[in-house]
Amino acid sequence: MPEDNLSAVLHGIDDLRLEQVPIPKPGPQQVLVRVHTVGICGSDVHYWTHGAIGPFVVKEPMIVGHETSGVVSEVGSEVTHLKVGDRIAMEPGLPCKLCEHCKTGRYNLCPEMRFFATPPINGTLSRYVVHDADFCFKLPDNLSFEDGALLEPLSVAIHSCRRGNVQMGHRVLVLGAGPIGVLNLLTAKAVGAGKVVITDLDDGRLALAKKLGADATINVKGKSLEAVKAEIISALGGQQPQVCIECTGAQPSIETAITTTRSGGVIVLVGLGSDRVEIPIIESATREVDIRGIFRYVNCYPTAIELLSSGKLDLSGLTRAHYKLEETLEAFKRTQKADVIKVFIQC
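Residues numbered from 1 in each chain as written. Predicted model: local features only at pLDDT ≥ 70, side-chain atom pairs only at ≥ 80, totals over all residues. Heavy atoms only, no water.

Caption draft 1: Summary view of unusual backbone geometry. With omega at 5°, the peptide bond leading from Pro119 into Pro120 counts as cis. With respect to the helices and strands, Pro120 occurs in the loop between strand 10 (114-115) and strand 11 (128-132). Of note in this structure, Asn299 is not a glycine but carries a positive phi near 55°. Mapped onto the elements, Asn299 comes out in the loop between strand 18 (290-293) and helix 9 (301-309). (Helix = DSSP H or I, 4+ residues; strand = E, 2+ residues; numbered from the N terminus.)

Caption draft 2: Structural context of the pairing of strand 8 (residues 87-90). Where strand 7 (residues 67-75) meets strand 8, 4 bridges bridge the pair, whose relative direction is antiparallel. The residue bridging Thr68 from the neighbouring strand is Met90, located in strand 8. Strand direction decides the pairing type here: strand 8 and strand 12 (residues 136-138), joined by 3 bridges, are antiparallel. Paired with Ala89 across the strands is Phe137, a residue of strand 12. (Pairing = 2+ DSSP bridges.)

Caption draft 3: Spotlight on the layout of surface pockets. Volume-wise, the second largest pocket comes out at about 360 Å³. Lining of the second largest pocket is provided by 20 residues; of these, Pro24, Phe116, Asn122, Gly123 and Val130 occupy positions nearest its centre. When residues of the lining of the second largest pocket are assigned to their parent elements, the largest contribution, 4 residues, is made by strand 11. Considering only residue class, the lining of the second largest pocket consists of 13 nonpolar, 6 polar and 1 charged. (1 Å grid on protein atoms, 1.4 Å probe; cavity = no way out; pocket = protein on both sides within 12 Å on 5 of 7 lines; lining within 4 Å. Points joined across faces, edges and corners; volume = space filled by probe spheres on them. Nonpolar A, V, L, I, M, F, W, Y, C, P; charged D, E, K, R; others polar.)

Caption draft 4: Layout of the UniProt feature "domain: Enoyl reductase (ER)" (unreviewed entry) in the protein chain. The positions that UniProt labels "domain: Enoyl reductase (ER)" (unreviewed entry) are, in the present scheme, residues 12-345. In the segment residues 12-345, helix accounts for 30% and strand for 25%; the C-alpha atoms at its two ends are 21 Å apart. (UniProt positions renumbered as here; feature names shortened; annotations may be inferred.)

Caption draft 5: Quick peek at helix 9. For helix 9, the full list of buried residues reads Tyr301, Ala304, Ile305, Leu307 and Leu308. Buried residues of helix 9, seen end-on, are gathered within an arc of 165° and therefore sit on one face of the element. Here the buried face of helix 9 lies against strand 8, strand 12, helix 3 (145-163) and helix 4 (179-190). The positive-phi residue at the C-terminal boundary of helix 9 is Gly311, with phi of around 85°. (Buried < 20%, exposed > 50% of the residue type's maximum accessible area, 1.4 Å probe, protein only. Arc of directions from axis to C-beta. Contact = heavy atoms within 4.5 Å.)

Caption draft 6: How the structure looks around helix 5 (residues 203-211). The complete set of buried residues in helix 5 reads Leu206, Leu208 and Ala209. The arc enclosing the buried residues of helix 5, seen along the axis, measures out at 160°, which places them on a common side. Exposed residues lying more than 90 degrees from the buried face of helix 5 are Asp203 and Lys211. On the buried face of helix 5, the contacting elements are helix 4, strand 14 (195-200) and strand 15 (216-219). Positive backbone phi, at 125°, marks Gly213, one or two positions downstream of helix 5.

Caption draft 7: Here's a closer look at the packing of aromatic side chains. Taken as a whole and judged by the stated rule, the model has 4 aromatic pairs. An angle of 85° between the planes, with centres 5.6 Å apart, marks the rings of Trp48 and Phe332 as edge-to-face. Of the two residues, Trp48 sits in helix 1 (residues 42-50) while Phe332 sits in helix 10 (residues 328-337), which places them 284 residues apart along the sequence. Residue classification places Trp48 among the buried positions, given a relative accessible area of 7%. (Phe/Tyr/Trp six-rings, centres within 6.5 Å; stacked < 30°, edge-to-face > 60°.)

Put into structure tokens, the structure is as follows:
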């Protein structure tokens, strides 16, 4: 067995260190994974800069990272569907598999969920990690390790579109053209949405969204809510969207979603901002505009793999940057710049 298990360990705010940690041993139903690629998520950066996200506080050293692909290095005694050398992606959350949520197929809501790089659970920015075999998914030959890491944020978009019940021909508004917004744009298109309009404050992000297939892009900077609403409806041929996917968590954006969505439509709240937000709730209630949340994803990895491997969804247009594990700090700083959709670390 190798002894090198260099890992990116967060000790507190602005205190990210590269350290050697013991290589874990897989249990009977687990596999040891030689990590290949980890995508950096906004949550990883937030833990680094703030030391917490909501009730999840970094109280002791924690390995960061959760968007992960790699190669099976060792298999537990009861694992039958994976073998040494298999290329895999790891779904980062492990539910209890016993509670009502788990048994009814909504394991993402399991109160005992253990999720990579959510305190106090260690993440995957290491040479080697152990994971439950039933949450490891073999990658088809035509998917890269980067595709495998991107399955995690893509699963968020798939779950968002499912929660919004996006269907063929639907008019969809995506608010926010960051990584998750762009993936929602691509997913909505892949499942048959008719027109997709996307908004943001940044012209560069909107230009990329347009290149990736948005039917219209709208820069909302400095505009009134009424002006933005009128521009959205105009871009949709004088009609309102049936589904709004809100990816910013910003109050004006949430209000835009509520006032712009067609009566009887759906808003999916994906972006997380302030704990409390003032919204025109009567507008939503009296027009039967459903407001739905999402929490991560559930049963989405197989769908994500099929969409990518079949060519129905193409991620090749996403802008990227690449770093080595030894360059983790530089990679985190690059993620803060937000000049590319995804920063990858090769382990």
